[in-house]
Amino acid sequence: MIRTASVVAACILLAPRAVAAQPSWGGSVTLASNHLLRGISRSSNDPSLSTEIHLQGPQGWFTGLWAATSRARPMDDTAVEVAATAGWNGALGALWHWSGSYSHYESPWQTDTSSYRYNEFTLDLQLRDALLLSVSWSPDRSAYSPYFGPLPRRDTFAYELSFQRPLPAGLRAHAGAGYHDLAEHLDDGYWYGSAGIGWTWRRWHSDLSYVHPGRAARNYAWPGTVRRRAQLQLSYVFRTTP
């Protein structure tokens, strides 16, 4: 799964699932070696703690809240980034599921909080539990360039393709790639990808990934926050939705 640690909550919220007879809720707490968003560190390479809670309705609607420690600029103190998500999911025949959502992100304790406030709309198509296609659009995403400084709010897009395969003993292999289209900012964008292996035991989930952001990602990040790296995370999941 190419979605990074900073949006683990969104992955859980947006994963299509069968419609339950009654509303149900769930959540998770995750400790990660880094807070990564599309290949770029949002914690200035520090470890990050995140948590999410979500509610799944009987007709396919869902909503949730997410929070994670963040330090987007190396010179800042560690703060907390938060998000609220609402959406709908359903089946497309016997094999495919779809999920559409809206998320609002805030970093109220960051320096220059308005630079980290944005909205995002996401559409996911999932083939069973094996293949996920995802498209995201933000109408008001700001960015940072080490050459030009802060960049104004513009339309941005992200396209992702990920694949996972179950293995014996609770293991699973996964790989994915994505493209973050920031053409409205600097007439460019960047590729990113990852591959790894996960393990599940009861309510515990661990994952080890190798994350590879494209060289062009350095055009949209603070110095030192973009590099190839291993990513390790451990999650505890509670009251998961069926």
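Anyway, here's the lowdown on the structure attached to this text. All values derive from a computational prediction rather than experimental measurement.

1. Observations concerning the nonpolar core
Counting nine residues, the largest nonpolar core is built from Ile40, Ala158, Leu182, Tyr190, Tyr192, Ala217, Tyr220, Ala221 and Val226. Other than its neighbours up to four places away in sequence, Ala158 contacts Arg38, Ser134, Val135, Ser136, Tyr179, His180 and Tyr192. Grouped together as the second largest cluster of nonpolar side chains are six residues, Trp66, Ala68, Ala83 and Tyr118 included.

2. Focus: the pairing of strand 7 (residues 96-106)
Where strand 6 (residues 79-92) lies against strand 7, 11 bridges are found, and the strand directions are antiparallel. Looking across to strand 7, one finds that Ala86 is bridged to Tyr102. Across 10 bridges, the pairing between strand 7 and strand 8 (residues 118-127) is antiparallel. Bridging across to strand 8, Ser103 finds its partner in Glu120.

3. A word on the sheet that holds strand 14 (residues 229-238)
Strands sit in the order 1-4-5-6-7-8-9-10-11-12-13-14 around a closed barrel of 12 strands; the barrel is antiparallel. In this sheet, neighbouring strand axes are inclined to one another by 20 degrees on average, regardless of whether the strands run parallel or antiparallel.

4. Observations regarding the packing of aromatic side chains
Aromatic ring pairs: the centre-centre distance and the angle between the two ring planes describe each pair. Tallied over the full model, the rule gives 11 aromatic pairs. Each ring, one from Tyr102 and one from Phe121, has its centre 5.1 Å from the other, and the planes form 40 degrees; the classification is tilted. With Tyr102 in strand 7 and Phe121 in strand 8, this residue pair connects regions lying 19 residues apart in the sequence. Given a relative accessible area of 32%, Tyr102 falls into the partly exposed group.

5. Describing the pattern of salt bridges
When the charged atoms of two side chains with opposite charge come close together, those side chains can pair. Within this structure, the stated rule accounts for seven salt bridges. For Glu81, the salt bridge identified is with Arg42, shortest N-O distance 3.3 Å. Highlighted residues: Glu81 in strand 6 and Arg42 in the loop between strand 3 (40-41) and strand 4 (48-56), separated in sequence by 39 residues. Grouping residues by exposure puts Glu81 and Arg42 together as buried. A salt bridge links Asp76 to Arg73, with the nearest nitrogen and oxygen atoms 2.8 Å apart.

6. Some points on a nonpolar patch on the surface
A surface patch of nonpolar side chains, amounting to about 900 Å² of accessible area, comprises Leu167, Leu171, Ile197, Trp199, Trp201, Trp204, Leu208, Leu232, Leu234 and Tyr236. Contributing elements (two or more residues each) for the nonpolar patch: strand 12 (188-201), strand 13 (204-213) and strand 14. Note that Trp199 resides in strand 12. When its relative accessible area of 38% is taken as the criterion, Trp199 is described as partly exposed.

Conventions used here
Residues numbered from 1 in each chain as written. Predicted model: local features only at pLDDT ≥ 70, side-chain atom pairs only at ≥ 80, totals over all residues. Heavy atoms only, no water. Core = buried A, V, L, I, M, F, W, Y, C linked by side-chain atoms within 4.5 Å. Buried < 20%, exposed > 50% of the residue type's maximum accessible area, 1.4 Å probe, protein only. Contact = heavy atoms within 4.5 Å. Pairing = 2+ DSSP bridges. Helix = DSSP H or I, 4+ residues; strand = E, 2+ residues; numbered from the N terminus. Axes fitted to C-alpha atoms, helices over the stretch in contact; angles between N-to-C directions. Phe/Tyr/Trp six-rings, centres within 6.5 Å; stacked < 30°, edge-to-face > 60°. Salt bridge = Lys/Arg side-chain N within 4 Å of Asp/Glu carboxyl O. Patch = residues over 30% accessible without salt bridge, like charges linked within 9 Å, V, L, I, M, F, W, Y side chains within 5 Å. Areas by Shrake-Rupley, 256 points an atom, 1.4 Å probe, with all protein chains shown as cover.

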